[in-house]
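# Per-entry structural report
Each chain is listed here by its residues.
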Amino acid sequence: MIYHRSVTCVSVASPKLGNESFRKAFQVLEQRGELRHLRIANEKDPVTLGPPASSKVMLASLSPATLMVLSSVSNTIENELYKHVGMRLKLLSDEKKRFKLSSSTGSWRQDLFHPAVSVYHHLGYEYSTRMLRTKSDLEPLSLNSVYKGEGIAQTAEE
């Protein structure tokens, strides 16, 4: 007998982990209701912004000639660019705007490198502080309701 159960993953301060093919496969499982992922990230946390690509592309980028060869012979570079998946809960440093909840689009624009990025924003203390500040705003939400579109693209403000 096969039991159908969904998998729920909550990750905190995690880097990107798969390419566009991985992202599409992940989305299929999300649409079927078999997989749910809440990705919690502090605004300006550098760890959550990377890696931009696989180690193969990162090493090749050290040599412009190698990078040109890779990009001209195949779509290797496009296949090796990493994307985020799931629902994103961005914890903001602003006292009034405490969080932003949205789906991970896979676009590089969603993870633009901010000039004030600092490893300080990756520390456990900073995550705890921001989570406690948003607790009352997030308690009424469930991950299933977020996947149904409730609370998406919302920002908590006082």
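Refer to the structure presented above.
### Considerations on the pairing of strand E4 (residues 97-103)
Side-chain direction in a regular strand flips from residue to residue, so the side chains alternate between the two faces of the sheet. Two elements, strand E3 (residues 87-91) and E4, share five bridges in a ladder whose sense is antiparallel. In the sheet register, Arg 88 faces E4, and the bridge partner there is Ser 102. What sits between E3 and E4 in their antiparallel hairpin is a turn of five residues.

### What to know about unusual backbone geometry
Between Gly 50 and the following residue, Pro 51, the backbone shows a cis peptide bond with an omega angle of -10°. Along the polypeptide, Pro 51 turns up in the loop between strand E2 (35-42) and helix H2 (55-60). The backbone of Ala 13 sits at a positive phi, close to 60°, despite the residue not being glycine. With a relative accessible area of 12%, Ala 13 lands in the buried category. The residue Lys 44 is not glycine, and still its phi comes out positive at about 75°. Within the secondary structure, Lys 44 is located in the loop between E2 and H2.

### A closer look at the pairing of E2
Taking burial as the measure, the eight residues of E2 include eight buried ones, the bulk of the element. Residue alternation in E2 divides its side chains into two sets, Leu 35, His 37, Arg 39 and Ala 41 and Arg 36, Leu 38, Ile 40 and Asn 42, and both sets are buried. Taken together, the six bridges between strand E1 (residues 7-12) and E2 define a ladder with parallel strand orientation. By the bridge assignment, Ser 11 is partnered in E2 with Arg 39. Once you follow E1 into helix H1 (residues 20-31) and on to E2, the crossover reads as right-handed.

What counts and what doesn't
Residues numbered from 1 in each chain as written. Predicted model: local features only at pLDDT ≥ 70, side-chain atom pairs only at ≥ 80, totals over all residues. Heavy atoms only, no water. Pairing = 2+ DSSP bridges. Helix = DSSP H or I, 4+ residues; strand = E, 2+ residues; numbered from the N terminus. Buried < 20%, exposed > 50% of the residue type's maximum accessible area, 1.4 Å probe, protein only. Right-handed = clockwise from strand over helix to strand, strands pointing away.

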